[in-house]
Amino acid sequence: MKEQFIIYFKDMGLHYQAEVKCFTLDGVGIYDVYYSLRPKPVPALRVQLYAGKGNGPVKYWRQRITGPDDELLEPAFVEAMGYAIDQAELSNP
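Residues numbered from 1 in each chain as written. Predicted model: local features only at pLDDT ≥ 70, side-chain atom pairs only at ≥ 80, totals over all residues. Heavy atoms only, no water.

(A) Layout of the side chain of Gln48. Summarising the element assignment, Gln48 is placed in strand E4 (residues 45-53). Among the polar contacts made by the side chain of Gln48, one reaches the side chain of Asp32 at a distance of 3.0 Å. Here Arg64 takes part through its side chain, which lies 2.5 Å from a polar atom of the side chain of Gln48. Aside from chain neighbours lying at most four places away, what touches Gln48 is Phe23, Ile30, Tyr31, Asp32, Arg62, Gln63, Arg64 and Thr66. (Helix = DSSP H or I, 4+ residues; strand = E, 2+ residues; numbered from the N terminus. Polar contact = N/O pair within 3.5 Å; in protein donor to acceptor, adjacent residues only side chain to side chain. Contact = heavy atoms within 4.5 Å.)

(B) Main features of the pairing of strand E1 (residues 5-11). Burial of the side chains of E1 is restricted to one face: Phe5, Ile7, Phe9 and Asp11 are buried, whereas none of Ile6, Tyr8 and Lys10 on the reverse face is. Here seven bridges tie E1 to strand E2 (residues 14-25), and the two strands are oriented antiparallel to one another. The residue of E2 that forms the bridge with Phe5 is Val20. In this antiparallel pair of consecutive strands, E1 and E2, the connection spans two residues, and Met12 shows a positive phi of 50 degrees. (Buried < 20%, exposed > 50% of the residue type's maximum accessible area, 1.4 Å probe, protein only. Pairing = 2+ DSSP bridges.)

What follows is the structure, encoded as structure tokens:
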């Protein structure tokens, strides 16, 4: 299990911050992301993400639905979070 880390990302002109925790489920890295608008860290919303692969080396970020109350997020928003996670992991391997 990796240490938790903080990411910052932007979507549709809004700035977000998130605390990310990673765990493994059936050999797949699942990211618990608690995100909120910047600079106000509360109330934080939770989403789970994982990286999927398509044809070739491209990584696609997907949302993991864990319950009936989970709201499906826009794919561009999920990709923005995923890109920020990738950048954070590259800078701190």
